Amino acid sequence: MQIMDLFPNNRDAEQWFEDNRWADGVVCPHCGSHNIYTRPEEKRKNQPHRCRSCRCDFSVKTKTLMHKSNIGYRAWAVGIYLMTTNLKRISSMKIHRELDITQKSAWIMMHKIRETFDDGSLIQFSGPVEVGETHIGSKESYKHASMKRKQGRGPVGKTAVVGMKDRETNEVTATVVNSTDADTLQGFVTENTEETATVYTDDARAYHGIERPHKAVKHSVSEYVNGMAHTNGIESFWAMLKRGYHGTYHKMSKKHLNRYVNEFAGRHNIRQMTRLTRCNGLLKTWMGNSCLTRS
Ligand SMILES: [Zn+2]
């Protein structure tokens, strides 16, 4: 609902796109001219601007991923906003219902947004980030003897989740993983961070040799807070996640657990006040890139 309030109508959303694309004044997407006539508000059309140099009509959609799209600005704005808050798994059904566009339109729109975000560095954390894992699921000790697995203590019978928190923005991303080996954990980190991001982890061997500036804290010798090298941020996120999990969802398949983890991270991120500012920044990059590379 907060997101919907940010873009109360199509005109406001259109203005948001214009402010981001043309912070220094409207520029013709066809010839680059600044000599633009914009129709007055009451006569505003789908193509509100006219270039006096090349005599083309255009809108803020022209030559971006929204080019020739009939989907309204509000739907685009909310879609982009949701997808920059790491709610990667938000369903097209939800967008379709919330925004009153057909499910097919919602699906196409999300696909276009995802395509742009996935081929660039737009959702990478710049850091410093804290990375950690947790294990979620029922404790073996609570189970009936016949249901217990035979292996020792620890994460037997639980599902592993890896996550990271950006110390600057407080944003979190997390996902269910099949393994906590070096390939999986390091892959998660490099996929979600910029190359220069400093990474704080515990001293698990799986993080050794990671291709990022790296500092580890040795939990094994009770060195939990070693200057900046602590992982308290992601640990507190795990604590919240587990409270939510135990309070609400007692049984959950691995597939549903991942959805829950994503939604939980998304809600956490939406609470961050810097969010809209960052979204604006992302949009600027997005519009800039798409103007250059898409036609
Ligand atoms: Zn022009």
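Per-chain numbering applies: the sequence of each chain, read as written, is numbered from 1 onward. With pLDDT at 70 or above as the cut-off, local features in this predicted model cover only qualifying residues; side-chain atom pairs require 80 or more to be listed or tallied, and sums for whole chains, interfaces and linings still use all residues. With hydrogens and water stripped out, all remaining heavy atoms of the structure feed into the side-chain values.

### Here's the deal with the sheet that holds strand E5 (residues 159-166)
We treat two strands as partners when DSSP finds at least two bridges between them. The numbering of helices and of strands both runs from the N terminus, where a helix is a DSSP run of H or I of at least 4 residues and a strand a run of E of at least 2. Pairing within the open sheet is mixed, and its 5 strands lie in the order E6-E5-E4-E7-E8. Edge positions in the open sheet fall to strand E6 (172-177) and strand E8 (214-217), since each of these has one partner strand only. For this sheet, the mean inter-axis angle between neighbouring strands, taken without regard to orientation, is 25°. The pairing of strand E7 (residues 199-202) with E8 spans 4 bridges and is parallel. Note that in E8 the partner of Val 199 across the bridge is His 214. An axis is simply a line fitted to the C-alpha atoms; with a helix, the fit covers only the stretch in contact. Between two such axes, the angle follows the N-to-C directions and lies from 0 to 180 degrees.

### Re the sheet that holds strand E1 (residues 36-38)
Within a sheet, adjacent strands bond to each other through the backbone by hydrogen bonds, running parallel or antiparallel. Overall, antiparallel pairing links the 3 strands, which are arranged E1-E2-E3 in an open sheet. Two strands lie at the open edges of the sheet, namely E1 and strand E3 (57-58), each paired on one side alone. In this structure, E1 lies alongside strand E2 (residues 49-51), joined through 3 bridges in antiparallel fashion. Its bridge partner being in E2, Ile 36 is matched across the sheet by Cys 51.

### Overview of the coordination of the zinc ion
Here the term donor refers to an N, O or S atom within 2.8 Å of the metal (or 3.2 Å for Na, K and Ca), and because water is left out of the atoms, sites may appear incomplete. Every protein donor of the zinc ion is listed here as Cys 28 (SG), Cys 31 (SG), Cys 51 (SG) and Cys 54 (SG), and their distances to the metal cover 2.3 Å. Here the zinc ion binds 4 donor atoms, and the angle range of 104 to 117° at the metal identifies the geometry as tetrahedral. Sequence spacing among the residues donating to the zinc ion works out to C-x2-C-x19-C-x2-C. Here Cys 54 lies in the loop between E2 and E3 and Cys 28 lies in the loop between helix H2 (10-21) and E1, a separation of 26 residues in the sequence. In short, tetrahedral needs four donors with all angles between 85 and 135 degrees, square planar needs four and octahedral six donors with opposite donors over 155 degrees apart and all other angles between 65 and 115, and whatever is left is irregular.

### As for the nonpolar core
Counting 29 residues, the largest nonpolar core has Phe 17 and Ile 95 as its most contacted members. The set of elements that each furnish at least two residues to this core consists of H2, helix H3 (73-84), helix H4 (92-99) and helix H5 (103-118). Per-element accounting of this core gives the leading share, 8 residues, to H3. Counting residues in each nonpolar core, the second largest holds 15 residues, with Ile 136, Val 161, Val 176 and Phe 264 among its members. Take the buried residues of types Ala, Val, Leu, Ile, Met, Phe, Trp, Tyr and Cys, join any two whose side-chain atoms come within 4.5 Å, and each joined set is a nonpolar core. Summary of the burial criterion: residues with accessible area below 20% of their type's maximum are buried, those above 50% are exposed, and those between are partly exposed, where the area comes from a 1.4 Å probe applied to protein chains only.

### Overview of the packing of aromatic side chains
Any Phe, Tyr or Trp ring, taking Trp's six-membered ring, that has another such ring centre within 6.5 Å forms a pair; planes under 30 degrees apart are called stacked, those over 60 apart edge-to-face, and the others tilted. Under the definition given, this model contains 5 aromatic pairs. Ring plane angle 65° and centroid distance 5.3 Å describe the contact between Trp 16 and Phe 17, whose orientation is recorded as edge-to-face. The exposure class of Trp 16 is buried, given its relative accessible area of 10%. Judged by its relative accessible area of 0%, Phe 17 falls in the buried class.

### Some details on the state of the cysteines
Cysteine sulfur atoms are paired as a disulfide whenever they come within 2.5 Å of each other. Within the structure shown, the criterion is met by 0 disulfides. Cys 56 carries a free sulfur, and the closest cysteine sulfur to it, the one in Cys 54, is 3.6 Å from it.

### Side note on the pairing of E7
Where burial is concerned, the two faces of E7 agree: the one with Val 199 and Thr 201 and the one with Tyr 200 and Asp 202 are both buried. The sheet contact formed by strand E4 (residues 129-136) and E7 spans 2 bridges and is parallel. Note on E7: the bridge partner recorded for Val 129 is Val 199.

### Focus on the confidence of the model for the chain
Residue-level pLDDT values for the chain average 77, and 70% of them are 70 or greater. What pLDDT reports is the predictor's confidence in each residue, on a scale of 0 through 100. Predicted confidence in the chain is weakest over helix H9 (residues 275-293), with a mean pLDDT of 51, and strongest over E2, with 96. For this analysis, residues touch if any pair of their heavy atoms sits within 4.5 Å. Within the model, the stretch residues 289-295 combines pLDDT values under 50 with 11 contacts to residues more than four positions away or in other chains.

### Quick word on H4
Residues of H4 that are buried include every one of Ser 92, Ile 95 and Leu 99, and no others. Looking straight down H4, one finds that the buried residues subtend no more than 60° of arc, so they occupy a single side. Of the residues flanking the end of H4, it is Asp 100, one or two places downstream, whose phi is positive at about 60°. Each C-beta atom gives one direction from the helix axis, and the arc is the one those directions make.

### Structural notes on helix H6 (residues 182-192)
Every buried residue of H6 is accounted for by Leu 185, Gln 186, Phe 188, Val 189 and Asn 192. Down the axis of H6, the smallest arc covering the buried residues is 150°, so these residues share one side. The exposed set on the far side of H6, more than 90 degrees from its buried face, consists of Asp 183 and Glu 191. Where H6 is buried, its residues meet E4, E5, E6 and E7.

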